[in-house]
Amino acid sequence: MTAISKVLGAAVVFASLGAFQAQAAECIAPADPGGGWDFTCRTVGKLLHDLDLVDEPVQVTNMPGGVGATAYANVMSKRADDESLLVATSTVGITQIAQDKYPAGTDVMRWIAMLGTDVGVLVVPADSGLKDLDDLTDS
């Protein structure tokens, strides 16, 4: 992780949590260890602790299944009011919610920060008549 990424991540987390005392004791990564959501939880947990926003290191719990739906359902049914819990997600999770593949909509969770974005790519054969996004949207 570059120094700029660390500073940007810290700034986003700090700004997002500035309105209340951070209480994060656990971050659920809705995937197996080693993936992007696991990395997000570990990075945010470290930043919270390094910046003295939490007293103890943040525990990371991996909860794979259903592209995040398992963790989402678990939190929604058992820990919806747990202020010491963070859950990592991405545009993959948001897309699944938008497609009604999760057990509820986005309004049942409190969204506190966006640490990055996913980049999308459209690929066509080299001899395609589509050369840019305008060509695609005009067709």
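Since the model is a prediction, treat every value here as computed from it, not as a measurement.

**Here's the deal with the packing of aromatic side chains**
Throughout the structure, instances matching the rule amount to 1 aromatic pair. Here Y72 and Y102 contribute two aromatic rings whose centre-to-centre distance is 4.8 Å and whose plane-to-plane angle is 55°, an arrangement assigned as tilted. Of this pair, Y72 sits in helix α3 (residues 69–78) while Y102 sits in the loop between α4 (91–98) and α5 (133–138), and the two are 30 residues apart along the sequence. Across this residue pair, the class does not change: Y72 and Y102 are buried.

**Some words on the nonpolar core**
With 13 residues, the main nonpolar core has A24, C41, L48, V58 and L86 as its most contacted residues. Secondary structure elements with two or more residues in this core: β1 (26–29) and α2 (36–50). Here this core takes 4 residues from α2, the largest share from any one element. One finds M63, A69, A71 and I97 within the second-largest nonpolar core, a separate group that totals 11 residues.

**Notes on the pairing of strand β2 (residues 59–62)**
In this structure, β1 lies alongside β2, joined through 4 bridges in parallel fashion. Looking at the pairing, E26 lines up with Q59 of β2. Of the crossover connections in this fold, the one passing from β1 over α2 to the parallel β2 is right-handed.

**Observations regarding the sheet that holds β1**
One open sheet accounts for 3 strands, arranged β2-β1-β3; its pairing is parallel. With one partner strand each, in any of the chains shown, β2 and β3 (85–87) form the two edges of the open sheet. Going across the sheet, the axis of each strand differs from the next one's by a mean of 25°, ignoring polarity.

**Some thoughts on α4**
Given 3.6 residues per turn, any residue in an α-helix points the same way as the ones three and four places further on. Three or more residues of α4 are buried, namely G93, Q96 and I97. Angular distribution of buried residues about the axis of α4 spans 100°; they occupy a single face of the element. Buried residues along α4 sit against α2 and α3. Note on α4: the residue one or two positions beyond its end, D100, has a positive phi of about 60°.

**Considerations on the side chain of E26**
Mapped onto the fold, E26 is located in strand β1. For E26, a relative accessible area of 15% puts it in the buried group. At 2.8 Å, the side chain of E26 and the side chain of R79 are in polar contact. Once residues lying within four places of it in the same chain are set aside, the contact partners of E26 are V58, Q59, T61, R79, S84, L85 and L86.

**Structural notes on the environment of A104**
One can find A104 in the loop between α4 and α5. Spatially, the C-alpha atoms of A104 and Y72 are 8.7 Å apart, while their sequence positions differ by 32 residues. Once residues within four sequence positions are removed from consideration, A104 is found in contact with Y72, M76 and I97.

**Re the state of the cysteines**
Taken as a whole and judged by the stated rule, the model has 1 disulfide. With a sulfur-sulfur separation of 2.1 Å, C27 is cross-linked through a disulfide to C41. On the sign convention where negative is left-handed, the bridge of C27 and C41, at about -65° about the S-S bond, is left-handed. You can see C27 sitting in strand β1 and its partner C41 sitting in helix α2, a full 14 residues away along the chain. Looking at C27, the relative accessible area reads 4%, which means it is buried.

Rules used in this analysis
- Residues numbered from 1 in each chain as written.
- Predicted model: local features only at pLDDT ≥ 70, side-chain atom pairs only at ≥ 80, totals over all residues.
- Heavy atoms only, no water.
- Phe/Tyr/Trp six-rings, centres within 6.5 Å; stacked < 30°, edge-to-face > 60°.
- Helix = DSSP H or I, 4+ residues; strand = E, 2+ residues; numbered from the N terminus.
- Buried < 20%, exposed > 50% of the residue type's maximum accessible area, 1.4 Å probe, protein only.
- Core = buried A, V, L, I, M, F, W, Y, C linked by side-chain atoms within 4.5 Å.
- Pairing = 2+ DSSP bridges.
- Right-handed = clockwise from strand over helix to strand, strands pointing away.
- Axes fitted to C-alpha atoms, helices over the stretch in contact; angles between N-to-C directions.
- Arc of directions from axis to C-beta.
- Contact = heavy atoms within 4.5 Å.
- Polar contact = N/O pair within 3.5 Å; in protein donor to acceptor, adjacent residues only side chain to side chain.
- Disulfide = S-S within 2.5 Å.

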